[in-house]
2 protein chains.
Amino acid sequence: MARTQGSHSDITGPRIRSAALKLFAQQGYAAVSVRQIAKEVGVQAGALYNYIPDKQSLLLSLMEGHMREVLAAWEALEKPDDAMGLLESFVRFHIRFHMQRSDEVFIAYMELRNLSDENFATIEALRRAYEDALETVLKQGVEAGQFTLPDTKIATLAVIAMLNGVMTWYRSGGRLSLDEVETVYWDMVRKSVTT
Amino acid sequence: MARTQGSHSDITGPRIRSAALKLFAQQGYAAVSVRQIAKEVGVQAGALYNYIPDKQSLLLSLMEGHMREVLAAWEALEKPDDAMGLLESFVRFHIRFHMQRSDEVFIAYMELRNLSDENFATIEALRRAYEDALETVLKQGVEAGQFTLPDTKIATLAVIAMLNGVMTWYRSGGRLSLDEVETVYWDMVRKSVTT
DNA sequence: AGGCTAACTGAACATTCGTTCAGAAAAAAG
DNA sequence: CTTTTTTCTGAACGAATGTTCAGTTAGCCT
């Protein structure tokens, strides 16, 4: 046997990516074998190499794709222009967007150490760009006298870390709706940056 | 050759644990081989099995040991009895303690998925106990009218996530001293839980 | 109908993995 | 000094790893 029924590049390619995404998030990059990914797709291990140069490139591609999507989504969002409204937009956007892609987020934050130095630098630059988006908002608020912060850089990291925490515990169908969670977090963030 | 000069169970045991700790934190449990740990200790791979039943037990032991130490250290701490003072104590304790053991923390939060179901439950229970310590403080503050929180459970998780964020970026010798960092975070936490 | 090519199989490759164990040597006990 | 015990070596085990590739077939084109 060789080429199987209904096989198609357009289909197999994305399926490899989504299978890898799910498995990497579940078990970690190093713990997932190429054969495991192939099995999930329903194909032999060797077939993957028609789509990826090697395992590490697959990881990089997943991470880089995710980071670029986050940035693009934030850029594309319609935003108010006062700092307070911007910050609320960011908080709600971050929680909503990241909750919809918890696997991608998990990988992007956990598998950095499995990247080569060069690839690491690539991803790190993208993450910094996203952090800068928030810091810009905070700086604007400080200048306008709306926020009181001794250090916008630390505040940026603190807020993002806090928001990322949602993904470690929130499960849809739980006690609170996603909208309620957004509001609770926005409340805490707002208070933490104002006087 | 067999037993080498100066070999001693009392020495090799801890050295295995600390080598494993360092390597697991650096590269992840799944990516570190038993032979790598052995090399770091300066011993052959087989020798490790005089000290551990298997690789997984080593991971569990490291995680469990850490969690118990955190809990014990918090219990042993001398604390004020008003909620505000307690919360400040917790924030400063958490940052200081966890910064001194960043490897342990990293492992305890990242390698949960490499644990068997039973072992996972053990660690999860210990983590919950620590979270409860903070939630108790928050509840006390809410009852006393000092804190304003719609949901102490979420607030607990949000605060811990925020504090844990320090470890992803703080490096000693940087722009701020650990004490200053503590103060900045305490400021944000205090404001986020009060009106 | 027949040929072409894209898509996949299945076997093989050298390495590495976690783990076991008989035996050797150092340290402790007598 | 001799014996016992503790601690480690070195080789071996089968299984699994990432990756390559010649061969086979399904779907498209003419």
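Just so it is clear, the structure is predicted and the values come from calculations on it, not from any experiment.

Conventions used here
Residues numbered from 1 in each chain as written. Chains lettered and ligands numbered in written order. Predicted model: local features only at pLDDT ≥ 70, side-chain atom pairs only at ≥ 80, totals over all residues. Heavy atoms only, no water. Least-squares fit on C-alpha atoms with pLDDT ≥ 70 in both. Contact = heavy atoms within 4.5 Å. Core = buried A, V, L, I, M, F, W, Y, C linked by side-chain atoms within 4.5 Å. Buried < 20%, exposed > 50% of the residue type's maximum accessible area, 1.4 Å probe, protein only. Buried area = accessible area lost by both parts, 1.4 Å probe. Salt bridge = Lys/Arg side-chain N within 4 Å of Asp/Glu carboxyl O. Polar contact = N/O pair within 3.5 Å; in protein donor to acceptor, adjacent residues only side chain to side chain. Helix = DSSP H or I, 4+ residues; strand = E, 2+ residues; numbered from the N terminus. Nonpolar A, V, L, I, M, F, W, Y, C, P; charged D, E, K, R; others polar. Axes fitted to C-alpha atoms, helices over the stretch in contact; angles between N-to-C directions. Parallel < 35°, antiparallel > 145°, perpendicular 65-115°, else oblique. Left-handed = near helix turned anticlockwise from the far one by under 90°. Phe/Tyr/Trp six-rings, centres within 6.5 Å; stacked < 30°, edge-to-face > 60°.

The next subject is the relation of the copies chain B and chain A. Each of the two copies of the chain can be brought onto the other by a rotation about an axis and a shift along it. Rotating chain B by 180 degrees and translating it 0.0 Å along the rotation axis places it on chain A, where the RMSD comes to 0.0 Å. Accordingly, the operation relating the two chain copies is best matched by a two-fold axis. Here 100% of the contact residues of chain B are again contact residues in chain A; the copies associate through an equivalent surface.

Okay, the nonpolar core next. Side chains of a nonpolar character, in soluble globular proteins, are inclined to be buried together. Counting residues in hydrophobic clusters, the biggest one holds 132 residues, and the most contacted among them are A:Phe24, A:Ile37, A:Leu87, B:Phe24, B:Ile37 and B:Leu87. Apart from the residues within four sequence positions on either side, A:Leu87 is in contact with A:Leu134, A:Val137, A:Leu138, A:Phe147, A:Trp186, A:Val189 and A:Val193.

Let us look at the interface of chain B and chain A. With 35 residues of chain B in contact, the opposing surface of chain A contributes 35 residues. Here chain B and chain A share an interface that buries about 2,700 Å² over both sides, 68% of which is from carbon and sulfur atoms. Its largest share of buried area at the contact with chain A, chain B owes to B:Arg113, B:Ile154 and B:Lys191, together 26% of the area lost on that side. Put simply, chain B and chain A have 4 salt bridges between them. In this structure, the salt-bridge partner of B:Asp151 is A:Arg175, at a minimum N-O distance of 2.6 Å. Summed over the shared surface of chain B and chain A, the result is 12 residue pairs in polar contact (both at pLDDT 80 or more). When residues of the side of chain B that touches chain A are traced back to their parent elements, those giving at least two are α1 (9-27), α5 (102-110), α7 (152-164) and α9 (178-193) of chain B. With 8 residues, the top contributor of residues to the side of chain B that touches chain A is α7(B). In terms of residue class, the side of chain B that touches chain A is made up of 20 nonpolar, 9 polar and 6 charged.

Here we take up the pattern of salt bridges. Oppositely charged side chains are able to pair whenever their charged atoms sit close together. All names here are of chain A. In the structure shown here, the tally under the stated rule is 22 salt bridges over all chains. For the salt bridge of Lys22 with Glu40, the shortest nitrogen-to-oxygen distance reads 2.7 Å. Taken together, the residues span a long stretch of sequence, with Lys22 in helix α1 (residues 9-27) and Glu40 in helix α2 (residues 34-41) at a distance of 18 residues. The exposure class assigned to Lys22 is partly exposed, which follows from its relative accessible area of 35%. When salt bridges with common partners are traced through the structure, they connect Glu88, Arg92, Arg96 and Glu182 into a single cluster.

Residue and element names in this part refer to chain A. Interhelical geometry of helix α6 (residues 117-143) versus helix α7 (residues 152-164) gives an angle of 125 degrees and a closest axis separation of 9 Å. Judged by the inter-axis angle, α6 sits oblique to α7. Here the hand of the crossing between α6 and α7 comes out right-handed. Every residue of α7 that contacts α6 at Glu131, Leu134, Glu135, Leu138, Lys139 and Val142 is listed here: Thr152, Lys153, Ala155, Thr156, Leu157, Val159 and Ile160. Class assignment of the residues belonging to the contact of α6 with α7 gives a composition of 7 nonpolar, 2 polar and 4 charged.

With the rule as written, the count across this model stands at 12 aromatic pairs over all chains. With 5.2 Å between their ring centres and 80 degrees between their planes, B:Trp74 and B:Phe90 make a pair best called edge-to-face. Linking B:Trp74 in helix α3 (residues 55-76) with B:Phe90 in helix α4 (residues 83-100), this pair joins segments that are 16 residues apart in sequence. The class for B:Trp74 is buried, based on a relative accessible area of 5%. Aromatic rings pair up to connect A:Trp74, A:Phe90, A:Phe93, A:Phe97 and A:Tyr130 into one cluster.

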